[in-house]
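Spelled out from the first residue to the last, the chains are:
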Amino acid sequence: MAVELTNVAPAMPACWRKETKTHKFCPGCGHGIVLKALGEAIDELGIQDKVIFTVDIGCCLLAIDFFNVDTVQTHHGRTNAVCTGIKRATPDKICIAYMGDGGGYAIGSQHLVNAAARNERITSILVNNTNYGMTGGQMAPTTLPGQKTETSPYGRSVEQQGQPTHGPEMIAAMAAEGAYVARGTVAKPKVLKKYFKKALEAQMNGSGFSFVEALSTCPTNWATNAKKTWAFLEGPMAEEYPTGEFKVPGEGGKAE
Amino acid sequence: MKEFKSIVNESGKGKFYLFTELCKGCGLCIEKCPKHDIGWTDRLGIYGAPTVESGRGEEGCIACKTCQNICPECAILIEKIQ
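Residues numbered from 1 in each chain as written. Chains lettered and ligands numbered in written order. Predicted model: local features only at pLDDT ≥ 70, side-chain atom pairs only at ≥ 80, totals over all residues. Heavy atoms only, no water.

Moving on to the overall build of chain B. Looking only at helices and strands, one finds two helices and five strands in chain B. Going residue by residue from the N terminus, the α and β elements of chain B occur as β-β-α-β-β-α-β. For a compact globule of 82 residues, the expected C-alpha radius of gyration is about 12 Å, and chain B comes in at 12 Å, within 12% of that figure. Sequence-distant contacts in chain B: of pairs separated by 6 or more residues, those separated by 24 or more amount to 50%. Looking at chain B as shown, the accessible area adds up to about 3900 Å², and 47% of this sits on carbon and sulfur atoms. For chain B, the distance from the average position of its 11 positive side-chain charges to the average position of its 11 negative side-chain charges is 4 Å. (Helix = DSSP H or I, 4+ residues; strand = E, 2+ residues; numbered from the N terminus. Rg over C-alpha atoms; globule rule 2.2 N^0.38 Å. Contact = heavy atoms within 4.5 Å. Areas by Shrake-Rupley, 256 points an atom, 1.4 Å probe, with all protein chains shown as cover. Lys, Arg positive; Asp, Glu negative; His and termini not counted. Charge placed at Lys NZ, Arg CZ, Asp CG, Glu CD.)

Here's what the structure looks like:
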């Protein structure tokens, strides 16, 4: 008893660009949930006309036509640097740097760390899916110990490749007072949206650098079905990477 | 403004709108539904993968909107039946 309807609009955030939907990410990719939470945060703060969105190279590059906001695509890992330049040239704009774990923790770690050290008034969003998605699932700094990827077929060895990078803990340890640092997960999109709103508010108040890491899914490269995707995200990944707020302006803050 | 066509079916307390032009058939909603009320259909979505509909569980939809929130494509819209 199916009925075709055209008068009902999908529950998309108002700042999404409808002409480019459905978006280019793989089925089951967590980027869609992260960008939906970010879009809802932008809508609720009413800042769509002030946002400048910078995307890195990698899967996050596919978000270049995602929002109805000004978007810049940068060199690999230089998202925070370009975002900083735009923010310094136009301080009344709200600048968001969007990157993956490869762009933020591997090739772009110096820019992320130094942007945090200088306490730049930008919002940095990093999507962590424990591998390099676009190039075929190679081992990334965030790959879990023992996790099999394209370039670690016997599982990541802690002895040879070291421990996974814990970004928010690192940024929270070095960022100045007034910075906002948190880690959310796409399994809890409402909490993730709350973190994005607080991060954008920290930038709007001018209190300091704001950084949110989002734990995300990659069914294509994990080679998992929907059930195993949730099981990996909510099991081993959540154990390795605790979610919560690590630094909040005006108070200490710690993982939940 | 681009318009999307949807297919609607009712189950329990919720009307389940599915936008076939948006659904890629990832199945994340099926696993997240607390009442196991969502299942596959024969209708194909944008990537030629099966789409989903509600009404497979014993208790029916409770209109909690977990599937709507978790869908990466915004392909699901839940309307609570008053």
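Let's pick the thread back up.
Secondary structure summary: chain A contains nine helices and 10 strands in total. Along the three orthogonal principal directions, the C-alpha set of chain A runs to about 60 × 50 × 35 Å. Looking at the 256 residues of chain A, the share that counts as buried comes to 57%. Sequence-distant contacts in chain A: of pairs separated by 6 or more residues, those separated by 24 or more amount to 66%. (Buried < 20%, exposed > 50% of the residue type's maximum accessible area, 1.4 Å probe, protein only.)

Bringing the nonpolar core into the picture now. Residues and elements named next belong to chain A. Among the nonpolar cores identified, the biggest contains 74 residues, and L35, L38, F53, F67, Y98, F196 and L200 are the most heavily contacted of them. Among the elements that take part in this core, helix α1 (residues 31-45) stands out by supplying eight residues, more than any other. The residues touching L38, leaving out its near neighbours within four places in the chain, are F53, F67, I96, I125, F196 and L200. M99, I122, L126 and I171 belong to the second largest nonpolar core, which has 20 residues in total. (Core = buried A, V, L, I, M, F, W, Y, C linked by side-chain atoms within 4.5 Å.)

Below, the discussion takes up the interface of chain B and chain A. At the junction of the two partners, chain B supplies 29 residues and chain A supplies 36 residues. For the chain B and chain A pair, buried surface summed over both sides reaches about 2900 Å², with 63% attributable to carbon and sulfur atoms. The tally of links between chain B and chain A comes to one salt bridge. Across the contact surface, chain B and chain A share 11 residue pairs in polar contact (both at pLDDT 80 or more). When residues of the side of chain B that touches chain A are traced back to their parent elements, those giving at least two are β1 (6-11), β2 (14-19), α1 (28-32) and α2 (66-70) of chain B. When grouped by side-chain class, the residues that make up the side of chain B that touches chain A number 16 nonpolar, four polar and nine charged. (Buried area = accessible area lost by both parts, 1.4 Å probe. Salt bridge = Lys/Arg side-chain N within 4 Å of Asp/Glu carboxyl O. Polar contact = N/O pair within 3.5 Å; in protein donor to acceptor, adjacent residues only side chain to side chain. Nonpolar A, V, L, I, M, F, W, Y, C, P; charged D, E, K, R; others polar.)

Right, let's get into helix α7 (residues 189-205) of chain A. With 17 residues, α7 of chain A extends 24 Å from end C-alpha to end C-alpha; this agrees with the ideal 24 Å at 1.5 Å per step. Taken as a whole, α7 of chain A has its buried residues at P189, L192, K193, Y195, F196, A199, L200, A202 and Q203 of chain A. (Expected span 1.5 Å × (residues − 1).)

Residue and element names in this part refer to chain A. Counted by the stated rule, this structure contains 13 salt bridges over all chains. For K193, the salt bridge is made with E44, and the minimal N-O distance between the two is 2.8 Å. Taken together, the positions of K193 in helix α7 and E44 in helix α1 put the pair 149 residues apart, joining distant regions of the chain. Since its relative accessible area comes to 12%, K193 is described here as buried.

Moving on, we get to the sheet that holds strand β10 (residues 244-247) of chain A. All names here are of chain A. An order of β3-β2-β4-β5-β9-β8-β10 is seen for the seven strands of this open sheet, with the pairing classed as mixed. Taken across any chain shown, the strands that pair with only one partner, and hence form the sheet edges, are β3 (70-73) and β10. On average, each strand axis in the sheet is tilted by 20° relative to the strand beside it, whichever way the strands run. In the sheet, strand β4 (residues 94-100) pairs with strand β5 (residues 123-128) via five bridges, with the strands oriented parallel. Residue G100 lies in a different strand from β5, and its bridge partner there is V127. In the packing of helix α6 (residues 167-174) onto the sheet, the strands contacted are β8 (180-185), β9 (210-215) and β10, and the crossing angle to β8 comes to about 170°. (Pairing = 2+ DSSP bridges. Axes fitted to C-alpha atoms, helices over the stretch in contact; angles between N-to-C directions.)

Next up on the list: the packing of aromatic side chains. A full pass over the atoms with the stated rule returns six aromatic pairs over all chains. Across the ring face of F66 of chain A, the terminal group of K21 of chain A is positioned such that the distance to the ring centre comes to 4.1 Å. K32 of chain B extends its terminal NZ or CZ atom over the ring of W230 of chain A, reaching a point 4.7 Å from the ring centre. (Phe/Tyr/Trp six-rings, centres within 6.5 Å; stacked < 30°, edge-to-face > 60°. Lys NZ or Arg CZ within 6 Å of the ring centre and 35° of its normal.)

All names here are of chain A. Across all of its chains, the model carries zero disulfides over all chains by this definition. Cysteine C29 shares no disulfide, and the gap to the nearest cysteine sulfur, in C59, comes to 6.2 Å. For C29, a relative accessible area of 10% gives the class buried. Cysteine C60 is unpaired, with the sulfur of C59 as its nearest cysteine sulfur at 7.5 Å. (Disulfide = S-S within 2.5 Å.)

Residue and element names in this part refer to chain A. Summarising the element assignment, E245 is placed in strand β10. At 2.6 Å, the side chain of E245 forms a polar contact with the side chain of Y180. Within the structure, E245 has its side chain in polar contact with the side chain of K198 (distance 3.0 Å).

Another aspect to go through is the packing of α1 of chain A against α7 of chain A. All names here are of chain A. Contact pair α1 / α7: the axes reach a minimum separation of 8 Å and the direction vectors enclose 50°. The pairing of α1 with α7 is recorded here as oblique in orientation. In this structure, the crossing between α1 and α7 has a hand that is right-handed. Only P189, L192, K193, F196, K197, L200, E201 and M204 of α7 make contact with α1, whose side of the interface consists of I33, V34, A37, L38, E40, A41, I42, E44 and L45. Its residues assigned to classes, the contact of α1 with α7 comprises 12 nonpolar, no polar and five charged. (Parallel < 35°, antiparallel > 145°, perpendicular 65-115°, else oblique. Left-handed = near helix turned anticlockwise from the far one by under 90°.)

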